[in-house]
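# Structure at a glance
In case you want the letters, here they are:
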Amino acid sequence: MIKVKKISKIYNTGAVETVALSDISFEINKGEYVAIMGPSGSGKSTLMHILGVLDQPTTGEYILDDVNVSQLTDDDAAEIRNQKIGFIFQAFNLLPRTTALQNVMLPMRYANVPKEERIEKARKYLKMVGLEDRMNHTSNQLSGGQQQRVAIARGLAMNPSILLADEPTGNIASVQAEEVMNIFRKLNEEGHTIIMITHEPDIASHAKRIIHIKDGKIVKDEKNGHKLKAKTI
Ligand SMILES: Nc1ncnc2c1ncn2[C@@H]1O[C@H](COP(=O)(O)OP(=O)(O)O)[C@@H](O)[C@H]1O
Ligand SMILES: [Mg+2]
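Because the structure is predicted, anything quoted here is derived from the model rather than measured.

### As for the pairing of strand β1 (residues 2–13)
Across 9 bridges, the pairing between β1 and strand β2 (residues 16–28) is antiparallel. The residue bridging isoleucine 7 from the neighbouring strand is isoleucine 24, located in β2. Remark: 2 residues form the turn of the hairpin made by β1 and β2, two consecutive strands paired antiparallel; glycine 14 in that turn has positive phi of roughly 60°. One ladder, built from 5 bridges, connects β1 with strand β4 (residues 59–64); its direction is antiparallel. Residue pairing in the sheet places lysine 5 in a bridge with glutamate 61 of β4.

Following this line, the structure appears as C-alpha cells:
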C-alpha cells in the first residue's frame, strides 16, 4: 500500500542546508499498525508530512496505492489527501465553538456527501469512539481526551485507507491516552491501517511494528519485537 523509495528531504534556510531525511526506504502493507519513533529533530514530522502528501520529498519516490504521489500539483495532492488519508494531530485541530457532530461532518461537507448521510456517518463514528452522549457538546465543553476522540471520528469520516496520527497522545492525560490507544487497537482489528508518530516508548509499544529513526535515517525496524531483515528496511 505504501512504498517509500530512497526518500531524502533537504531544507534550505538561507545559507543553511538541513538534511531532515536521508535515503529512507520502507514499505507498509494494508492493515498494519506502525509506530514511527525517534528523538526530537530526527525527522518524524518531516516524514509524516511526506506520508500525508502535505509535503514532497527532495529526491526519491512515494508510491501510495500504486500511484506515484511524490511530485503532484497542490490540487492533486489535496484530492489524494481527502480520499486516502485521515489525519489525527497532537493539537486535535477541531473548530472551537462547534459541536462534535458538526466537526465530524465537516470533511464530508467539503466532499459533497449528502446531508443525511453526513449525519448518519458522523453519529456512527462518534458512537464508535464512545461519544454517543457528547455529540452536541462543543469542543470547548469536552476534555482533551474526548476532543481527540472527536478528531479520530473526523479522521475516519471519509473512510480513508490510512490513519496518520502525529503524537496523538501528546496533549492528553495518561488515562485518556490509554482510551485513545484502545480505539486505535479496535480500529486496527477492524482492518484500518494506522501510522502513528510518537517519541513515547509506551505509546509506541501499542503498535505491531516500530520503525525507529534517528538523524533522518532508519536505525531499527521491528515487528512484534522481532527485528525485520535488512532487505525489508
Ligand atoms: N520547514 C523547515 N525548514 C528548515 N528546517 C526544518 C524544517 N522543518 C524541519 N526542519 C529541520 O529538519 C530536522 C527534522 O525536523 P522534524 O522533522 O520536525 O523532526 P521531529 O519531528 O522528529 O522533531 C530538524 O533538524 C529541523 O530543524
Ligand atoms: Mg515533530
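### Description of the sheet that holds β2
Sheet strands pair by backbone hydrogen bonding; their relative direction is either parallel or antiparallel. Taken together, 4 strands build an open sheet; the order of strands is β2-β1-β4-β5 and the sheet is antiparallel. On the outer flanks of this sheet lie β2 and β5 (67–68), each paired with one strand and no other.

### A short note on the sheet that holds strand β11 (residues 226–227)
Read across the sheet, 7 strands follow the order β6-β7-β8-β3-β9-β10-β11 without closing on themselves; strand pairing throughout is mixed. Every interior strand has two partners, whereas the edge strands, β6 (85–88) and β11, have only one. Bridging between strand β3 (residues 33–37) and strand β8 (residues 193–198) involves 5 bridges; their strand directions are parallel. Across the sheet, the residue bridging to tyrosine 33 is isoleucine 194, located in β8. The sheet strands contacting helix α1 (residues 44–51) are β3, β6, β7 (162–166), β8 and β9 (209–214), and the helix crosses β7 at an angle near 155°. Most of the contacts of helix α2 (residues 74–84) go to β6, to which it runs at about 80°, and overall it touches β6 and β7.

### A short note on the site of ligand 1
Close contacts around ligand 1 come from Tyr11, Thr13, Thr18, Ala20, Pro39, Ser40, Gly41, Ser42, Gly43, Lys44, Ser45 and Thr46, and that covers them all. Contact between ligand 1 and glycine 43: an oxygen atom at 3.1 Å from a main-chain N or O atom of the residue. Sorting the residues of the shell around ligand 1 by element identifies β1, β2 and α1 as the ones contributing at least two each. Per-element accounting of the shell around ligand 1 gives the leading share, 3 residues, to α1. Partitioned by chemical class, the residues of the shell around ligand 1 number 3 nonpolar, 8 polar and 1 charged.

### Things to note about unusual backbone geometry
Unusually for a residue other than glycine, aspartate 23 sits at a positive phi of about 55°. Here aspartate 23 shows up in strand β2. Within the chain, aspartate 65 stands out as a residue other than glycine whose phi angle is a positive 45°. With relative accessibility at 26%, the residue aspartate 65 sits in the partly exposed group.

Analysis parameters
Residues numbered from 1 in each chain as written. Chains lettered and ligands numbered in written order. Predicted model: local features only at pLDDT ≥ 70, side-chain atom pairs only at ≥ 80, totals over all residues. Heavy atoms only, no water. Pairing = 2+ DSSP bridges. Helix = DSSP H or I, 4+ residues; strand = E, 2+ residues; numbered from the N terminus. Contact = heavy atoms within 4.5 Å. Axes fitted to C-alpha atoms, helices over the stretch in contact; angles between N-to-C directions. Near = heavy atom within 4 Å. Polar contact = N/O pair within 3.5 Å; in protein donor to acceptor, adjacent residues only side chain to side chain. Nonpolar A, V, L, I, M, F, W, Y, C, P; charged D, E, K, R; others polar. Buried < 20%, exposed > 50% of the residue type's maximum accessible area, 1.4 Å probe, protein only.

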